[in-house]
Amino acid sequence: MRTLIAGIRQLVTPRGRGPVGGEKMNSLFVQDGVDILVEDGRIVRIAVGIPTRGIDNTIDAAGMIAMPGFVDPHTHAVFAGTREDEFLARVRGVRYDGGGILETMRAVRAASEETLAANARAHVRRMLAWGTTTVEIKSGYGLDVENEVKLLLALRRVRRNVPTRIVATFLGAHAFPPAMRRDDYISMIITEMIPTVRRRRLAQFCDVFCDEGFYTIAETRAILRAARGAGLRIKIHADELAPSGGAELAAELSATSADHLLCTSERGMRLMQAAGVVPVLLPGTAFTLHTEYAPARRMIALGLPVAIGTDFNPGTCLIYAMPIVIGLAVMRMGMTVEEAITAATLNAAAALELADEIGSIEEGKAADIILLDVDNYRQIPYFFGHNPVRAVICGGKTVYRAR
Ligand code: NIG
Ligand code: FE
């Protein structure tokens, strides 16, 4: 199957097969008037005036900006129930302490796998319409073997029903279930949950909420070592509520990413840089929690390959649109538009170990491409809250078109 994406007004993409850090985050490749030839879902040629001979299908991109599909590297998009009371209490000044996770746990335990899948599918569809072609989704609202497995099986169902690439992360260590001793739950994670997740191939990553009031450094280390031993890749919810040493631990364990990082220390940032950990920043959460934003400028100055994501979840961030996250990154974290685009595509792909497959428009990569109706890419943060996405192409097929 040969598809031609024809007449693109301007192609805008970072380039590379791994994360790009520091100043290099500013250098996007920009070319006017190109066509993209796709064969069996893969980009095989990018050039001006590709002949239409032997083409099975043409996608008209006249007047559009083409960019790599957004990669959202951090969400909790499989859940049931809502928490608007907690949200409104916070607006009145109540501090977030993660207690609401157990409220969502109760709703999830009461919901069927089908309901959870239907909920998640609806979220993923809405994300697709805003240009997200790959999304990472964490479990973590089940907090026992049966319900964590149910969440991950729901994700497996969603994957069969959407064009979006879904990366599943096991986050059994998201909170402590009531009526169970802390140590007993941690040994259940290590001796039952992780082996089950691995044996049934339910997730690619294991994550831990390492923070004040949640998992300690020692507990996080024990869980993630077991996960690594079982062949899972690792991530850490680090320094979201307090400077808890999560970034330092991510470096020690060579985690793929450390996420949130609202309160990370200078030392933590330097260690992550030395260890090749991708920092995943989630400005929608700082916005929703009324907190300081992560020190993106300092990280980029240190050469770190900053990635950004939504953190979409029922408690701390209901934003699911990557163009809005790009707007917050620019307006609230001081990132340049170019850095924010690199962070939302190539570096986000690296945070999922997928940078050799997606995250940029380059020959050899999967043809996950979005077509935007803006005069130039610098208008993406400027038109904050407007959806610039007109069409979404996954693996060379048009899977969404705006009416
Ligand atoms: O990323 N920090 C932990 N987990 C989520 C929030 C979970 C919730 O409150 O439901 C987060 O902010
Ligand atoms: Fe999170």
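Residues numbered from 1 in each chain as written. Chains lettered and ligands numbered in written order. Predicted model: local features only at pLDDT ≥ 70, side-chain atom pairs only at ≥ 80, totals over all residues. Heavy atoms only, no water.

### Quick notes on the site of ligand 1
For ligand 1, the set of nearby residues contains 15 residues, the closest of which are Arg-83, Tyr-96, Tyr-141, Glu-240 and Thr-316. Tyr-96 places a polar side-chain atom, nitrogen or oxygen, 2.5 Å from an oxygen atom of ligand 1. Here an oxygen atom of ligand 1 sits 2.6 Å away from a polar atom, N or O, in the side chain of Tyr-141. In the complex, the protein chains occlude 100% of the 320 Å² of accessible area that ligand 1 would expose alone. Across the shell around ligand 1, the residue classes break down as four nonpolar, eight polar and three charged. (Near = heavy atom within 4 Å. Polar contact = N/O pair within 3.5 Å; in protein donor to acceptor, adjacent residues only side chain to side chain. Areas by Shrake-Rupley, 256 points an atom, 1.4 Å probe, with all protein chains shown as cover. Nonpolar A, V, L, I, M, F, W, Y, C, P; charged D, E, K, R; others polar.)

### Concerning the domain arrangement of the protein
Looking at the protein, the domain boundaries give domain 1 (2-68 + 360-401) and domain 2 (70-350). Once you take the C-alpha centre of each, domain 1 and domain 2 turn out to be 28 Å apart. The interface is formed by 33 residues belonging to domain 1 together with 34 residues belonging to domain 2. When domain 1 packs against domain 2, the two sides together hide about 2700 Å² of surface, and 73% of this comes from carbon and sulfur. The tally of links between domain 1 and domain 2 comes to two salt bridges. (Domains from an automatic or database assignment. Contact = heavy atoms within 4.5 Å. Buried area = accessible area lost by both parts, 1.4 Å probe. Salt bridge = Lys/Arg side-chain N within 4 Å of Asp/Glu carboxyl O.)

### Some remarks on the sheet that holds strand S6 (residues 70-72)
Strand order in the open sheet formed by eight strands is S6-S7-S8-S9-S10-S11-S12-S13, and the pairing between neighbours is parallel. This sheet does not close on itself; its edge strands, each paired only once, are S6 and strand S13 (307-308). Where strand S7 (residues 132-138) and strand S8 (residues 165-173) come together, five bridges link them in parallel fashion. When the bridges of S8 are listed, Lys-138 appears paired with Thr-169. Here helix H6 (residues 217-229) sits on the sheet and contacts S8, strand S9 (205-210) and strand S10 (233-238); the angle it forms with S9, its principal contact strand, is near 175°. (Pairing = 2+ DSSP bridges. Helix = DSSP H or I, 4+ residues; strand = E, 2+ residues; numbered from the N terminus. Axes fitted to C-alpha atoms, helices over the stretch in contact; angles between N-to-C directions.)

### Notes on the coordination of the iron ion (ligand 2)
At the metal site, the iron ion (ligand 2) is ligated by His-74 (NE2), His-76 (NE2), His-237 (NE2) and Asp-311 (OD), and these contacts range over 2.1 to 2.3 Å. Each donor residue of the iron ion (ligand 2) lies on one chain, and together they are spaced H-x1-H-x160-H-x73-D. Here Asp-311 lies in the loop between S13 and helix H11 (322-333) and His-74 lies in the loop between S6 and helix H1 (84-91), a separation of 237 residues in the sequence. Each member of the pair, His-74 as well as Asp-311, is classed as buried. (Donors = N, O, S within 2.8 Å, 3.2 Å for Na, K, Ca; no water. Buried < 20%, exposed > 50% of the residue type's maximum accessible area, 1.4 Å probe, protein only.)

### Focus: the pairing of strand S2 (residues 29-39)
Side-chain positions along a regular strand alternate between the two faces of the sheet. For strand S1 (residues 2-13) and S2, the ladder comprises nine bridges, and the chain directions are antiparallel. Residue Arg-2 lies in a different strand from S2, and its bridge partner there is Glu-39. As consecutive antiparallel partners, S2 and strand S3 (residues 42-47) are separated by two residues, and within that stretch Asp-40 has a phi angle of approximately 50°, a positive value.

### Observations concerning a nonpolar patch on the surface
Taken together, the side chains of Phe-87, Leu-88 and Val-91 present a nonpolar region at the surface, about 260 Å² in accessible area. Inspection of the secondary structure puts Phe-87 in helix H1. According to the relative accessible area criterion, Phe-87 is partly exposed, its value standing at 37%. (Patch = residues over 30% accessible without salt bridge, like charges linked within 9 Å, V, L, I, M, F, W, Y side chains within 5 Å.)

### What to know about the pairing of S10
The element S10 is extensively covered by neighbouring structure, given that five of its six residues are classed as buried. Bridge count between S9 and S10: six bridges; the pairing is parallel. Each residue of the ladder has a partner; that of Cys-206, found in S10, is Ile-234. Two strands pair when backbone bridges link them, and S10 and strand S11 (residues 257-260) are joined in this way by four bridges, in the parallel orientation. Residue Ala-238 lies in a different strand from S11, and its bridge partner there is His-260. For the crossover from S10 across helix H7 (residues 246-252) to S11, the handedness is right-handed. (Right-handed = clockwise from strand over helix to strand, strands pointing away.)

### Let's talk about the pattern of salt bridges
Tallying each qualifying case throughout the model produces 22 salt bridges. One salt bridge in this structure joins Glu-357 and Arg-165, with 3.9 Å as the shortest N-O distance. One end of the pair, Glu-357, is in the loop between helix H13 (346-350) and strand S14 (369-372); the other, Arg-165, is in strand S8, and 192 residues separate them in sequence. Residue classification places Arg-165 among the partly exposed positions, given a relative accessible area of 27%. Glu-353 is the partner of Arg-233 in a salt bridge, and the nearest nitrogen-oxygen pair spans 3.2 Å. One end of the pair, Arg-233, is in strand S10; the other, Glu-353, is in the loop between H13 and S14, and 120 residues separate them in sequence. Look at the salt bridges and you will find they share partners, linking Arg-42, Arg-165, Glu-357 and Asp-368 into a network.

### Things to note about the nonpolar core
Tyr-215, Ile-308 and Met-335 are the most contacted members of the largest nonpolar core, which has 129 residues in total. Lining this core are residues from two domains, each supplying at least three of them: domain 1 (2-68 + 360-401) and domain 2 (70-350). (Core = buried A, V, L, I, M, F, W, Y, C linked by side-chain atoms within 4.5 Å.)

### What about the environment of Leu-352?
For Leu-352, the position within the fold is in the loop between H13 and S14. Each C-alpha atom, one on Leu-352 and one on Asp-32, is 30 Å from the other, the two residues being 320 residues apart in sequence. In this structure Leu-352 touches Val-71, Pro-73, Thr-134, Glu-136, Val-167, Phe-205 and Lys-235, once residues within four positions along its chain are discounted.

### Section: the environment of Glu-219
Of note, Glu-219 is situated in helix H6. Judged by its relative accessible area of 13%, Glu-219 falls in the buried class. Linking Glu-219 and Ala-173, residues 46 residues apart in sequence, is a C-alpha distance of 9.5 Å. Contact partners of Glu-219, with chain neighbours within four places excluded, come to Phe-176, Arg-182, Ile-186 and Phe-214. In this structure the side chain of Glu-219 is engaged in a polar contact, spanning 2.8 Å, whose partner is the side chain of Arg-182.

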